[in-house]
Amino acid sequence: MRVLLIEQDSGIAAAVARELKKTRIDLEITECADTDGLGAGSSGTLDDYDAVVVGGIPDQADQISALRQGGVNSAIVCLLDFRCTASTIELLRNGADDVLVKPINGGEIRARIEAARRRAHGHNTNALTIGRVTAYLDGRDPEVDGVRLRLSHREHAIFTVLALNHRRVVSKERIYEAVYGLSGSDPLDKVIDVYICKLRKKLGQAAGGKYIETVYGRGYKLEAPTEEDADPVQVNGPSPRAHAYPVLSLATVAGA
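Rules used in this analysis
- Residues numbered from 1 in each chain as written.
- Predicted model: local features only at pLDDT ≥ 70, side-chain atom pairs only at ≥ 80, totals over all residues.
- Heavy atoms only, no water.
- Helix = DSSP H or I, 4+ residues; strand = E, 2+ residues; numbered from the N terminus.
- Buried < 20%, exposed > 50% of the residue type's maximum accessible area, 1.4 Å probe, protein only.
- Contact = heavy atoms within 4.5 Å.
- Areas by Shrake-Rupley, 256 points an atom, 1.4 Å probe, with all protein chains shown as cover.
- Pairing = 2+ DSSP bridges.
- Axes fitted to C-alpha atoms, helices over the stretch in contact; angles between N-to-C directions.
- Right-handed = clockwise from strand over helix to strand, strands pointing away.
- Core = buried A, V, L, I, M, F, W, Y, C linked by side-chain atoms within 4.5 Å.
- Phe/Tyr/Trp six-rings, centres within 6.5 Å; stacked < 30°, edge-to-face > 60°.
- Lys NZ or Arg CZ within 6 Å of the ring centre and 35° of its normal.
- Salt bridge = Lys/Arg side-chain N within 4 Å of Asp/Glu carboxyl O.

Would you mind showing me how to read the overall build of the protein here?
When helices and strands are tallied, the protein shows eight helices and eleven strands. Within the protein, buried positions represent 43% of all 256 residues. In the protein, the share of contacts with a sequence separation of at least 24, taken over all contacts with a separation of at least 6, comes to 54%. Total accessible area on the protein stands at roughly 14400 Å², and carbon and sulfur atoms take up 50% of it.

Mind showing me how you'd approach the sheet that holds strand 5 (residues 98-101) here?
Pairing between the strands of a sheet is mediated by backbone hydrogen bonds and can be parallel or antiparallel. Pairing is parallel across the open sheet formed by five strands, whose spatial order is 2-1-3-4-5. Edge strands, defined here as strands with exactly one partner in the open sheet, are strand 2 (26-30) and strand 5. The mean inter-strand angle of the sheet, taken between neighbouring strand axes irrespective of direction, is 20°. Across four bridges, the pairing between strand 1 (residues 2-6) and strand 3 (residues 51-54) is parallel. For I6, the partnering residue across the bridge sits in strand 3 and is V54. Each of strand 1, strand 2 and strand 4 (75-80) is contacted by helix 1 (residues 10-21), which is oriented at about 170° to strand 2, the strand it contacts most.

Looking at this structure, I do not really get the environment of A207. What am I missing?
Turning to its location among the elements, A207 is positioned in helix 7 (residues 189-207). Residue A207 is classed as buried on the basis of its relative accessible area, which comes to 4%. Dropping the residues within four chain positions of it, A207 is found in contact with R132, V133 and V144.

Explanation requested: the pairing of strand 2 in the structure shown.
In regular strands, side chains alternate between the two faces of the sheet. In terms of strand pairing, strand 1 meets strand 2 through five bridges, oriented parallel. Within strand 2, the position partnered with I6 by the bridge is T30. In the classification by handedness, the crossover that spans strand 1, the intervening helix 1 and the parallel strand 2 is right-handed.

Before we go on, may I ask you to explain unusual backbone geometry in this structure?
With glycine set apart, most residues show a phi of negative sign, and most peptide bonds adopt trans. In this model, K102 is joined to P103 through a cis peptide bond whose omega is 0°. For P103, the position within the fold is in the loop between strand 5 and helix 4 (106-120). The residue D145 is not glycine, and still its phi comes out positive at about 55°. Note on placement: D145 falls in the loop between strand 8 (143-144) and strand 9 (147-148).

Whenever I open this one, the nonpolar core confuses me. Can you help?
Across soluble globular proteins, nonpolar side chains show a tendency to be buried alongside one another. Ranked by size, the top nonpolar core spans 29 residues in total, and within it F159, L162, I175, L203 and L222 carry the most contacts. At seven residues, helix 5 (residues 153-164) tops the list of elements feeding residues into this core. Dropping the residues within four chain positions of it, L162 is found in contact with V170, I175, I196, L199, I212, Y220 and L222. By size, the runner-up hydrophobic cluster in this structure holds 19 residues, among which are V3, V16, I25 and I113.

Is there a simple way to explain the packing of aromatic side chains in this structure?
What characterises a pair of aromatic rings is the spacing of the ring centres plus the angle enclosed by the ring planes. A complete count under the given rule lists zero aromatic pairs for this structure. In this arrangement the basic side chain of R2 is found over the ring face of Y49, its NZ or CZ atom lying 4.5 Å from the centre. The ring centre of Y136 lies 3.9 Å from the NZ or CZ of R140, which sits over that ring.

What's the story with the pattern of salt bridges in this structure? I'm lost.
Inspection of the entire model under this criterion finds 17 salt bridges. Among the salt bridges present, the one from R112 reaches E108, with a minimum N-O distance of 3.0 Å. Of the two residues, R112 and E108 both sit in helix 4, four residues apart, roughly one turn of that helix. When its relative accessible area of 30% is taken as the criterion, R112 is described as partly exposed. Judged by its relative accessible area of 36%, E108 is partly exposed. Note that E155 is salt-bridged to K202, the shortest N-O span being 2.8 Å. In this pair, E155 is assigned in helix 5 and K202 in helix 7, connecting sequence segments 47 residues apart. Classification of K202 by relative accessible area gives partly exposed; the value is 28%. Connected through shared salt-bridge partners, R167, E213, K221 and E223 make up one network.

The analysis is restricted to geometry; functional conclusions fall outside its scope.
So this is what it looks like as structure tokens:
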């Protein structure tokens, strides 16, 4: 999970960073109070991040409103120095997804970011059922029929972005950004193809069928395989061809 922290106080930024990194969040910090340049027109947009955590900056509510008006869709979580109902209401109405009071707990803020992220993608639960696969949006490895499917760090990052966009096409560039945290650069097709191939093979071997579809010229899509795509189930018994012709009994032959 990639998060951008906007905080002018270096001491508070360091404290927040320590908490967030405990939960395996890939954190970047900026002291920039002028967030106008961080919107959709910048090199590397805020939508490249799973969330933006806005701490102590002037005119916090106005900056949140400017981000939303600039087309930023990432989850926005605001931090307050003390509890203030009026400030909380204003921040939420201006576009913040959540408001927390310092000091924060890393596990809590990660859970709140995950909740905001899954709601933004139209999911109301952390567990998605995709055929025989259960995808978790809270950092856990997926399961196949209740058995954990172990993924590498980069395989997990790719699987998560595909699961969040279940049944929707995800571009190679978006996948590249999720894995390497880079933006504004051309995705390395072969690198993404290698990881997609590994992930598709693991899912296919564990669950049967083709769960990741290549949409040529656009990207990849995660979806439960259809009956036609599912791997055939091997059963003991005679081949279907054995029943292709009628079986004549001895009585039938004698009567003839």
